[in-house]
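The lines below spell out each chain.
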Amino acid sequence: MTNANDAAANAAQKTVLLGVTGCIAAYKSCEIVRGLQKAGVRVKVVMTEHAAEFVGPTTFRALTHETVAVGLFDDPSDPIHHVSLAQEADVFLIAPCTANVIAKIANGIADDLLTTTALATTAPLVIAPAMNVNMYENGATRYNIGKLHIRGARFIDAGDGYLACGDVGKGRLAEVDDIVSATLDELGVKRDLAGRRVMITAGPTVEPIDPVRYISNHSSGKTGYAIARAAALRGADVTLVSGPVSLSAPQGVHMVHVRTARDMFTAAEEAFEDADIAIFAAAVADMRPREAAAHKLKKGVADAELGTIDLVENPDILATLGARKRHQVVVGFAAETNDVVANAEKKLVSKHADLVVANEVGGGRAFGADDNVVWFVDDEDIEELPRMSKTRLADEILDKAIQFLA
Ligand SMILES: Cc1cc2nc3c(=O)[nH]c(=O)nc-3n(C[C@H](O)[C@H](O)[C@H](O)COP(=O)(O)O)c2cc1C
Ligand SMILES: CC(C)(COP(=O)(O)O)[C@@H](O)C(=O)NCCC(=O)NCCS
Ligand SMILES: [Mg+2]
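Residues numbered from 1 in each chain as written. Chains lettered and ligands numbered in written order. Predicted model: local features only at pLDDT ≥ 70, side-chain atom pairs only at ≥ 80, totals over all residues. Heavy atoms only, no water.

- Per an unreviewed UniProt entry, the recorded name for the chain is Coenzyme A biosynthesis bifunctional protein CoaBC, and the organism is Eggerthella hominis.

**As for the site of ligand 1**
- Taken together, the neighbourhood of ligand 1 is formed by 14 residues, with Gly22, Thr48, Thr98, Ala99 and Ala130 sitting nearest.
- At 2.7 Å, a side-chain N or O of threonine 48 approaches an oxygen atom of ligand 1.
- Separating an oxygen atom of ligand 1 from a side-chain N or O atom of histidine 50 is a distance of 2.9 Å.
- Coverage of ligand 1 by the protein chains reaches 66% of its 640 Å² of free accessible surface.
- Class assignment of the residues belonging to the shell around ligand 1 gives a composition of 8 nonpolar, 6 polar and no charged. (Near = heavy atom within 4 Å. Polar contact = N/O pair within 3.5 Å; in protein donor to acceptor, adjacent residues only side chain to side chain. Areas by Shrake-Rupley, 256 points an atom, 1.4 Å probe, with all protein chains shown as cover. Nonpolar A, V, L, I, M, F, W, Y, C, P; charged D, E, K, R; others polar.)

**Some thoughts on the pattern of salt bridges**
- For the structure on display, the rule yields 24 salt bridges.
- Among the ionic pairs, arginine 154 bridges to aspartate 185, the shortest N-O distance being 3.1 Å. In this pair, arginine 154 is assigned in strand β5 (residues 154–155) and aspartate 185 in helix α10 (residues 176–187), connecting sequence segments 31 residues apart.
- Put simply, lysine 351 and aspartate 316 hold a salt bridge, and the shortest N to O gap is 2.5 Å. Here the residue lysine 351 occupies a position in the loop between α14 (340–350) and β17 (355–360), and aspartate 316 occupies one in the loop between β15 (311–313) and α13 (317–323), the gap between them amounting to 35 residues.
- Linked through salt bridges whose partners overlap, the residues forming this network are Arg42, Lys44, Glu66 and Glu88. (Salt bridge = Lys/Arg side-chain N within 4 Å of Asp/Glu carboxyl O. Helix = DSSP H or I, 4+ residues; strand = E, 2+ residues; numbered from the N terminus.)

**With respect to the site of ligand 2**
- Every one of the 14 residues lining ligand 2 counts as a neighbour, but Lys28, Tyr162, Ala164, Arg172 and Leu173 are closest to it.
- For ligand 2, whose free accessible area comes to 540 Å², the fraction covered by protein is 77%.
- Its residues assigned to classes, the shell around ligand 2 comprises 10 nonpolar, 2 polar and 2 charged.

Next comes the structure, spelled out in structure tokens:
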């Protein structure tokens, strides 16, 4: 399911065009696809005819959910395929790259879709060579690599060790993680949350009155989802506990869907245990009907079934988990209609938070919007941030939270 909200959020998503060539290490390209996807990157694959002898395009099509280009004249729907591919790329990664493709690109030869695209793109080129040791050390290859290097291509050097022909020497495809890291680096994606666990709550909760009605609020989930997406991009292992929203799950994020505050509490409690950073961006309903009727309440019935709804308080997820924190950095949100900063300062103490992100709500502000103005309130400082997109804000919040990590 996609909607306008997702389109806005996905505008920030980067595309890696992954070129796969006729090398025995081509099967490792599947893992490269997954590694980039887990970091929130969109991957599109172009392969040589010879690469398709090693791994079929079907595998990449299923992994990427995108068409996979092989021949220059294959795609009847796209008359100038090499140019559209070239333009889509934020980075053109070729991994594994044969001696042949290195030689062709170094000399501007464009006799198939992959090499024509390489000539047509202005995206940075990242190349991970893999070949037999003698091919790698051959003067022609050394010279071609040197030429591409001078032209600004980034090489991820081949490793030393076992080769498929039984030789031992330099020519092994670099480690998949190193290829993924170098590519993300080239994309300008920070990886400062690698190895960290981040849990985020997002969206509203809904509290049933009867099987068809509920009490809820206007939270769209955009802020929490933006933080989850940003944290995943920065390398974190992310759990997003989400109330019902109309946003699609960010790539590479572990989703836990909940409806009521009590369900959200249970899910958040579990994710909190191992979290390094816990961010409570959900708008949790403070109260719920004491009892949800088992049948749809009727109007015009004697004793007015629709009369008064008896409310009870929901658990305070932030305060309860904040009080339990050990190593966790706890970030709370304060959505206030008045006295925003004063209320945030109170919350910082009462909820045992390290940081409160405060914003003003009501009058069409914050809820559902794509940008916001917030204050960062911690026990040293009150900082008002300029108006910015929720996508940018997500990175600001993570930058701030990281400062509290031990
Ligand atoms: C089993 C097998 C393994 C190969 N492995 C490599 C390799 O690791 N690196 C390489 O540069 N060429 C390798 N080749 C040779 C290439 O497939 C050959 O040069 C081909 O023309 C490359 O086509 P492409 O660069 O258009 O994909 C291998 C060939 C075969 C049959
Ligand atoms: C074949 C393989 C992928 C095996 O990797 P592995 O040892 O990690 O299982 C690795 O040796 C490699 O990247 N080889 C590329 C060069 C090569 O072996 N070409 C074939 C002719 S020697
Ligand atoms: Mg509240």
